[in-house]
Amino acid sequence: MSGSRTNDVLESLSLAMPLRLPRLRQLFGDPTQQVVTFVASLPVTERASRERPPTPYMAALCVLEELRTFGAIGCLLSCLEWRCEDVHRIVIRAVMSAGPALVEPVVALWPSLGSYARVLAAEALGAQGLRDPRVLDLLAEWSVDDPLLGALAVGSYGDQSGVPALARILVGSLAAGEHRVTAEILAAMEALGVNTGTTASEA
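The residue numbering used here restarts from 1 in each chain and proceeds along that chain's sequence as written. Side-chain atom pairs in this predicted model are given and counted only at pLDDT of 80 or more, local residue features only at pLDDT of at least 70, and totals for whole chains, interfaces and linings cover all residues. Computation of side-chain values covers all heavy atoms of the structure but excludes hydrogens and water.

Draft legend 1. A look at the packing of aromatic side chains. Here the aromatic set is Phe, Tyr and Trp, taking the six-membered ring for Trp, and pairing holds for ring centres within 6.5 Å; pairs whose planes are under 30 degrees apart are stacked, those over 60 apart are edge-to-face, and all others are tilted. This structure, assessed with the given rule, holds 2 aromatic pairs. Measuring from centroid to centroid gives 5.9 Å for tryptophan 110 and tryptophan 142, while their planes differ by 85 degrees, and the two rings are edge-to-face. Highlighted residues: tryptophan 110 in the loop between helix H8 (103–109) and helix H9 (115–127) and tryptophan 142 in helix H10 (residues 133–145), separated in sequence by 32 residues. We call a residue buried when its accessible area falls under 20% of the maximum for its residue type, exposed when it is over 50%, and partly exposed in between, using a 1.4 Å probe and counting protein chains only. By relative accessible area, which is 6% here, tryptophan 142 ends up buried. In this scheme, Lys NZ or Arg CZ marks a charge over a ring once it lies within 6 Å of the ring centre and within 35 degrees of the ring normal. The ring of tryptophan 142 is capped by arginine 118, whose NZ or CZ atom sits 5.3 Å from the centre of that ring. Sitting above the plane of the tyrosine 157 ring, arginine 131 keeps its charged end 5.1 Å from the centroid. Numbering of helices and strands starts at the N terminus; helices are DSSP runs of H or I of at least 4 residues and strands are runs of E of at least 2.

Draft legend 2. Expanded view of the nonpolar core. Counting residues in hydrophobic clusters, the biggest one holds 61 residues, and the most contacted among them are Tyr57, Leu61, Leu64 and Leu166. Leucine 61 has contacts with Val39, Leu76, Cys79, Val87 and Ile90, leaving out every residue within four places of it along the chain. Residues enter a nonpolar core if they are buried and are Ala, Val, Leu, Ile, Met, Phe, Trp, Tyr or Cys, with the set joined through side-chain atoms within 4.5 Å. By definition, residues are in contact when any of their heavy atoms lie within 4.5 Å.

Draft legend 3. Quick peek at the pattern of salt bridges. The working definition used for a salt bridge is a side-chain nitrogen of Lys or Arg within 4 Å of a carboxyl oxygen of Asp or Glu. Using the criterion set out here, one finds 5 salt bridges in the structure. In this structure, the salt-bridge partner of glutamate 85 is arginine 89, at a minimum N-O distance of 4.0 Å. Of the two residues, glutamate 85 and arginine 89 both sit in helix H7 (residues 85–96), 4 residues apart, roughly one turn of that helix. Its relative accessible area of 60% is what places glutamate 85 among the exposed residues. The class of arginine 89 is partly exposed, set by a relative accessible area of 47%. For arginine 89, the salt bridge is made with aspartate 86, and the minimal N-O distance between the two is 2.2 Å.

Here it is in structure tokens:
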């Protein structure tokens, strides 16, 4: 933590965390880029570890959780690729309470998001009642490329406008005899209020 301006700011921010967001902004403005740069500097070997990352890194994630800027949310979503439950808890907590600030980062970063991040984003947006036609289009496209996870995401998003997309991929899964995919699609349709009893019995 010694010697660098970024680390000095990070340490000050982590100490200021009990003051919450308004005081953080009053003290430092928007330190998002400095903290994101710090997070990205952690060696790849640390990222692949199942162990808890170093304390400064965990402090940085907590700061990003508080900031809820575009860059902060984007950085947190990218951290889901790391194999650490403590990191995942911070990210999940952040996106599940981000509110409207979550929409734009999800739309902009969608091509670079991993499957876990996409499913979590869909669930978080759905749980917060955040509807955006761009998100639904992205989920519909993904459901074609990955029917299993795509259907799960569409169902979690909770927008009934997604039913036609699910119906289209259901036809393909039934024809291909992909029973696991079919079951997930039917579950997603049920979650969106569609009575799939007849279709399920035929499957």
